[in-house]
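# Residue-level structure breakdown
Okay, here's what each chain looks like letter by letter:
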Amino acid sequence: QVQLVESGGGLVQAGGSLRLSCAASGRIFSINRMGWYRQAPGKQRELVARITSGGSTNYADSVKGRFTISRDNAKNTVYLQMNNLKPEDTAVYFCNAEVFTTPTDYLEVWGQGTLVTVSS
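Residues numbered from 1 in each chain as written. Predicted model: local features only at pLDDT ≥ 70, side-chain atom pairs only at ≥ 80, totals over all residues. Heavy atoms only, no water.

Right, let's talk about the environment of G15 for a bit. Along the chain, G15 falls in the loop between strand 2 (10-13) and strand 3 (18-26). Accessibility expressed as a relative area gives 46% for G15, which makes it partly exposed. Taking C-alpha positions, G15 is 26 Å from Q112, a pair spaced 97 residues apart along the chain. Among residues more than four places away in sequence, those in contact with G15 are N84 and L85. (Helix = DSSP H or I, 4+ residues; strand = E, 2+ residues; numbered from the N terminus. Buried < 20%, exposed > 50% of the residue type's maximum accessible area, 1.4 Å probe, protein only. Contact = heavy atoms within 4.5 Å.)

A full pass over the atoms with the stated rule returns four salt bridges. Note that R38 and D89 form a salt bridge whose closest N and O atoms lie 2.9 Å from each other. With a gap of 51 residues between them, R38 in strand 4 (residues 30-39) and D89 in the loop between strand 8 (77-82) and strand 9 (91-100) connect regions that are remote in the sequence. Note on R38: relative accessible area 7%, which makes it buried. One salt-bridge network, held together by shared partners, links R38, E46, R66 and D89. (Salt bridge = Lys/Arg side-chain N within 4 Å of Asp/Glu carboxyl O.)

With respect to topology, four strands assemble into an open sheet ordered 1-3-8-7, the strand pairing being antiparallel. Of all the strands in the sheet, the pair left with one neighbour each is strand 1 (2-7) and strand 7 (67-72). The average undirected angle you get between the axes of adjacent strands in this sheet is 15°. Inspection of the sheet shows strand 1 paired to strand 3 by six bridges, in the antiparallel sense. (Pairing = 2+ DSSP bridges. Axes fitted to C-alpha atoms, helices over the stretch in contact; angles between N-to-C directions.)

A complete count under the given rule lists two aromatic pairs for this structure. Look at F100 and Y106: their rings are 5.3 Å apart centre to centre, the planes differ by 45°, and that puts the pair in the tilted class. It is R45 that lies over the ring of W110; its NZ or CZ is 4.7 Å from the centre. (Phe/Tyr/Trp six-rings, centres within 6.5 Å; stacked < 30°, edge-to-face > 60°. Lys NZ or Arg CZ within 6 Å of the ring centre and 35° of its normal.)

With that settled, consider unusual backbone geometry. The phi torsion at N76 lies on the positive side, around 50°, for a residue other than glycine. As for its placement among the helices and strands, N76 is situated in the loop between strand 7 and strand 8. Accessibility expressed as a relative area gives 23% for N76, which makes it partly exposed. At N84, a position not held by glycine, the phi torsion is positive, near 50°. Along the polypeptide, N84 turns up in the loop between strand 8 and strand 9.

Right, here's the structure in full:
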């Protein structure tokens, strides 16, 4: 099938930066949207940012101006550059992708999550 493998999480001080990566592998014909979601303890999972295959992006209001999503279609990889991190950005970050396995069949795939902890 299809797998998403995330990397780049960790512990950082407030004001610091991290870059998350998510690589898709497996039976891939093409990938439509790719995105990042996060879930803080005791809270619901929320959209952080997503990007279409054509490069159109949208962001949660809370991260606009601080986070940048990008993708490398040749590598089936999506990135999230996170700058000026705040303690409230602490969460498990999940990669998400809409993957076409044939020209007409697609799956919504989730990564296993990577923990980002921002200390004050």
